[in-house]
Amino acid sequence: MKLGVCYYPEHWSPDWWKDDAQAMASMGISYVRIGEFAWSRIEPTPGIFDWAWLDRAVETLHQAGLKLVMCTPTATPPKWVVDADPEMLAVDAQGHVRGFGSRRHYCFSSPSYHAQSARITTAVAWRYGQHPAVVAWQTDNEYGCHSTVLSYSKAARSAFRLWLQEHYGTVDVVNAAWGTVFWSQEYRSFEEIDPPVSTVTEANPAHQLDYRRFASDEVIAFNRIQVEILRRFSPGRDVVHNFMGFFTEFDHHDLSQDLDVATWDSYPLGFTQDFFLTTDEKVRYARTGHPDIPAFHHDLYRGMCQGANRGRWWVMEQQPGPVNWAQWNPAPLDGMVRLWTWQAFAHGAEVVSYFRWRQAPFAQEQMHTGLQRPDRSVDRGGVEAAQVHDELQFLQELTTSDPSGSAIAASVAAQPGWAGAKTALVMDYPSLWMAQIQPQGADFNALELVFRVYSALRSLGLDVDIVSSQADLPNYRLIVLPAHMRQDESLCDQLQASDAQVVLGPRSGSKAEAMCIPDKLAPGAYSALAGLTVQRVSSLPPGWNESVHWGGGGQTVSTRWREDIVCSGASVLATFDDGMPAFTRHNRTWYVATWLDRSGWERVLKSAALAAGLAPQIMPEDLRVNRWGQWVFVFNFSNTVVMYKPEESTTESSRCVLGSVQLAPQDMAVWQMVSRP
Ligand code: GAL
């Protein structure tokens, strides 16, 4: 559990670097990420490299004992790259070229930009690949940020035609898969196929889905070129990328197979303002962030890397104070920077790195805070980062001096990434694309559904692993598929073979791979598991609420969506007003035929969790608890004092090692569960 920071030596006078490095070290920071936007300083003129300043910056940080995460600077190609080759620019859906003057202006399909990216990656990897301070490499920066995965350039069009050829072989197969007989869309050759834009009304959904798949593969291919160069010139260092929050434009599971560590950029207040939360939630969590936004992504990105790196993840950018880019940018309450940092460690982060060291007084992000203010004084985030460092040291000493205890670090290292969650939530990027392409109701947001179900699981006190549909599922007791719209035969086989309780959300299995209705109707391959068929669906406009009447008594509200299902074996556990099934169970499989509110989801998940032999509990509002090996972490996101002590058993007692049973607002505690002799 280490702290890091993102630093831009090129923004500051070299006279400050030494003091900065020492100040970082004394704040408890040990990792520094540099270089991701520095191309114009590294190579000011084509082919003429200026390494002197970067050598000196690297050496200064190294002398202070800091470890470096070096970056490839390809997110910001300088003006001369663009002027020499304007065709490398991305083109948006309206046909506008995405020009120079901010960042991420390249098209992932441009062959000449691939060459530029390989050239600059080779140059920095060759220069610093063997440096003793360099422990990791970050490829590029936030692939896809500012909606840049989908490009409609000439290069993208040619690459898409090739991709189709490789995937389908002949154009007749494409015609059949896409159903192009509809509206006379048939193609005679691959050369006739364009990207699915500028159509009069919606483009063919299968065509759109393939374009999403193609664009995702382009990001993966772009990244892979850099990864191969970095592994060659800098063997033994971790190769990482920094993913984003609530971002699904490429398949992160696929891309992570080329990484050693999945990292992500955590901006809890920015995400609370900019995503699908209700106005009440945006106000309520304006200064703490929604408790489950960081946790959801921690659990998601922990599930990315596989093999020897299974479960390895970091926070590469942690919000240190107000940011500049959300619609509204409140300041976090005192204590939140500390709480978010600990929350990441509680979910298994190896490193939490703040963005950024010092607030820049110039350019686009001048309103974005850092650990220091522009005048070099320490800002609130810096004070709280130092506090976390002191607490980590205290725990380290406490556990090493305790003859019966082992160090937290050692216990976490013994079980990297996975601490034995019994609940898996499956997240599938192609399913999310399917729902975006054909929402059927304007507010059917599949990503929101995944998040709301996750949030309900967490408010029941359950630890969750978010996994891909390719993951091994045998150790889970409860497997939840909130929005698995894609009919996925191999996943279905796994679910059939396991003895876990399985919860399927609305629209499960409602599309075959090629974005068409499955032969057996929804839920397609999952029909036998669920013991039912969906015969008709309705989306419900805002204001049209349905009531769900639970078999055991009580009712909740459902909105946005309802299905008419016919049971062929499933028993009905809840009905709509008209008596049609809203929630069913067939052996181990539970099916939800509507968009439930939080209490509805809690009810569904609690029943399935109990059947799975888990111990769900309703947690105090805005309190979150995680168990990680022998450690229990408790976080109070609320504005009131809360009392919480982990439940003991005949085999385990608990002892508080940080904080106490009484948690002040925005406070946290760490407990150690000790086996009884
Ligand atoms: C991230 C990005 C950083 C910086 C930061 C501001 O999305 O990677 O470069 O822009 O946001 O919050």
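The structure under discussion appears in the preceding block.
Residues numbered from 1 in each chain as written. Predicted model: local features only at pLDDT ≥ 70, side-chain atom pairs only at ≥ 80, totals over all residues. Heavy atoms only, no water.

1. So, the overall build of the chain
- Across its full length, the chain carries 20 helices and 25 strands.
- The C-alpha atoms of the chain give a radius of gyration of 26 Å, which matches the 26 Å a tight globule of 677 residues would have.
- In terms of its C-alpha atoms, the chain occupies a principal-axis envelope of roughly 75 × 75 × 40 Å.
- Across the 677 residues that make up the chain, the buried fraction comes to 61%.
- With an accessible surface of roughly 25,500 Å², the chain has 52% of that area assigned to carbon and sulfur atoms. (Helix = DSSP H or I, 4+ residues; strand = E, 2+ residues; numbered from the N terminus. Rg over C-alpha atoms; globule rule 2.2 N^0.38 Å. Buried < 20%, exposed > 50% of the residue type's maximum accessible area, 1.4 Å probe, protein only. Areas by Shrake-Rupley, 256 points an atom, 1.4 Å probe, with all protein chains shown as cover.)

2. Some points on the sheet that holds strand S7 (residues 313–318)
- Pairing is parallel in the closed barrel, where 8 strands are placed in the order S1-S2-S3-S4-S5-S6-S7-S8. Across this sheet, the average inter-strand angle for adjacent strands is 25°, counted without regard to direction.
- Of the pairings in the sheet, the one linking strand S4 (residues 134–138) to strand S5 (residues 238–243) comprises 3 bridges and is parallel in character. The residue bridging Trp137 from the neighbouring strand is Val239, located in S5. (Pairing = 2+ DSSP bridges. Axes fitted to C-alpha atoms, helices over the stretch in contact; angles between N-to-C directions.)

3. Overview of the sheet that holds strand S25 (residues 668–675)
- With antiparallel pairing, the 4 strands of this open sheet are ordered in space as S20-S21-S25-S23. Of all strands in the sheet, those with a lone pairing partner are strand S20 (623–628) and strand S23 (652–658), marking the two edges. Geometrically, the sheet is characterised by an average inter-axis angle of 25° between neighbouring strands, direction not taken into account.
- Note that S23 and S25 share 6 bridges and pair antiparallel. The residue bridging Cys656 from the neighbouring strand is Trp671, located in S25.

4. Digging into the pairing of strand S15 (residues 555–567)
- One ladder, built from 7 bridges, connects strand S13 (residues 532–539) with S15; its direction is antiparallel. By the bridge assignment, Thr533 is partnered in S15 with Val566.
- Inspection of the sheet shows strand S14 (residues 546–550) paired to S15 by 4 bridges, in the antiparallel sense. When the bridges of S15 are listed, Val548 appears paired with Thr556.
- Counted between consecutive antiparallel strands, the loop separating S14 from S15 contains 4 residues, among which Gly553 sits at a positive phi close to 105°.
- As defined by bridge partners, S15 adjoins strand S19 (residues 594–596) across 3 bridges and the pair is classed as antiparallel. When the sheet's bridge partners are listed, Arg562 is paired in S19 with Thr594.

5. Quick look at the packing of helix H12 (residues 292–302) against helix H17 (residues 446–459)
- The contact between H12 and H17 brings their axes to 10 Å, and the two run at 100°. When the interaxial angle is binned, H12 and H17 end up roughly perpendicular. The segment H12 lies against H17, with Asp292, Ile293, Ala295, Phe296 and Asp299 engaging Val450, Phe451, Tyr454, Ser455 and Arg458.
- Split into classes, the residues belonging to the contact of H12 with H17 amount to 6 nonpolar, 1 polar and 3 charged. (Parallel < 35°, antiparallel > 145°, perpendicular 65-115°, else oblique. Contact = heavy atoms within 4.5 Å. Nonpolar A, V, L, I, M, F, W, Y, C, P; charged D, E, K, R; others polar.)

6. Quick look at the site of the ligand
- Taken together, Phe37, Arg103, Asn141, Glu142, Asp265, Tyr267, Glu317, Trp325, Phe355, Glu365 and His368 make up the full set of residues adjacent to the ligand.
- Residue Glu317 places a side-chain N or O atom 2.8 Å away from an oxygen atom belonging to the ligand.
- Between Glu365 and the ligand, the recorded distance is 2.3 Å, taken from a side-chain N or O atom to an oxygen atom.
- Protein chains shield 96% of the accessible area of the ligand, which is 310 Å² for the free molecule.
- Across the shell around the ligand, the residue classes tally to 4 nonpolar, 2 polar and 5 charged. (Near = heavy atom within 4 Å. Polar contact = N/O pair within 3.5 Å; in protein donor to acceptor, adjacent residues only side chain to side chain.)

7. Remarks on a nonpolar patch on the surface
- Residues Val181, Phe182 and Trp183 make up a contiguous nonpolar surface patch of about 400 Å² in total accessible area.
- One can find Val181 in the loop between helix H7 (171–178) and helix H8 (205–233). (Patch = residues over 30% accessible without salt bridge, like charges linked within 9 Å, V, L, I, M, F, W, Y side chains within 5 Å. Salt bridge = Lys/Arg side-chain N within 4 Å of Asp/Glu carboxyl O.)

8. A look at the environment of Ala512
- Locating Ala512 in the fold gives a position in the loop between strand S12 (501–504) and helix H19 (527–530).
- The buried category is assigned to Ala512, whose relative accessible area is 15%.
- Considered as a pair, Ala512 and Ala664 are 152 residues apart in the sequence and their alpha carbons are 50 Å apart.
- With residues near it in sequence (within four places) discarded, Ala512 still touches Met434, Gln487 and Pro518.

9. Quick word on the pattern of salt bridges
- Overall, the coordinates contain 45 salt bridges when judged by the stated rule.
- Note that Asp19 and Arg376 form a salt bridge whose closest N and O atoms lie 3.6 Å from each other. Highlighted residues: Asp19 in helix H1 (residues 14–27) and Arg376 in the loop between strand S8 (351–354) and helix H14 (380–401), separated in sequence by 357 residues.
- For Arg376, a relative accessible area of 31% gives the class partly exposed.
- Linking Asp238 and Arg312 is a salt bridge whose minimum nitrogen-to-oxygen distance equals 2.9 Å. Of this pair, Asp238 sits in strand S5 while Arg312 sits in the loop between H12 and S7, placing them 74 residues apart in sequence. Here Asp238 matches Arg312 in class, with each residue buried.
- Bridged by salt links that share partners, the residues Asp210, Arg213, Asp428, Arg486, Asp488 and Glu513 form one connected network.

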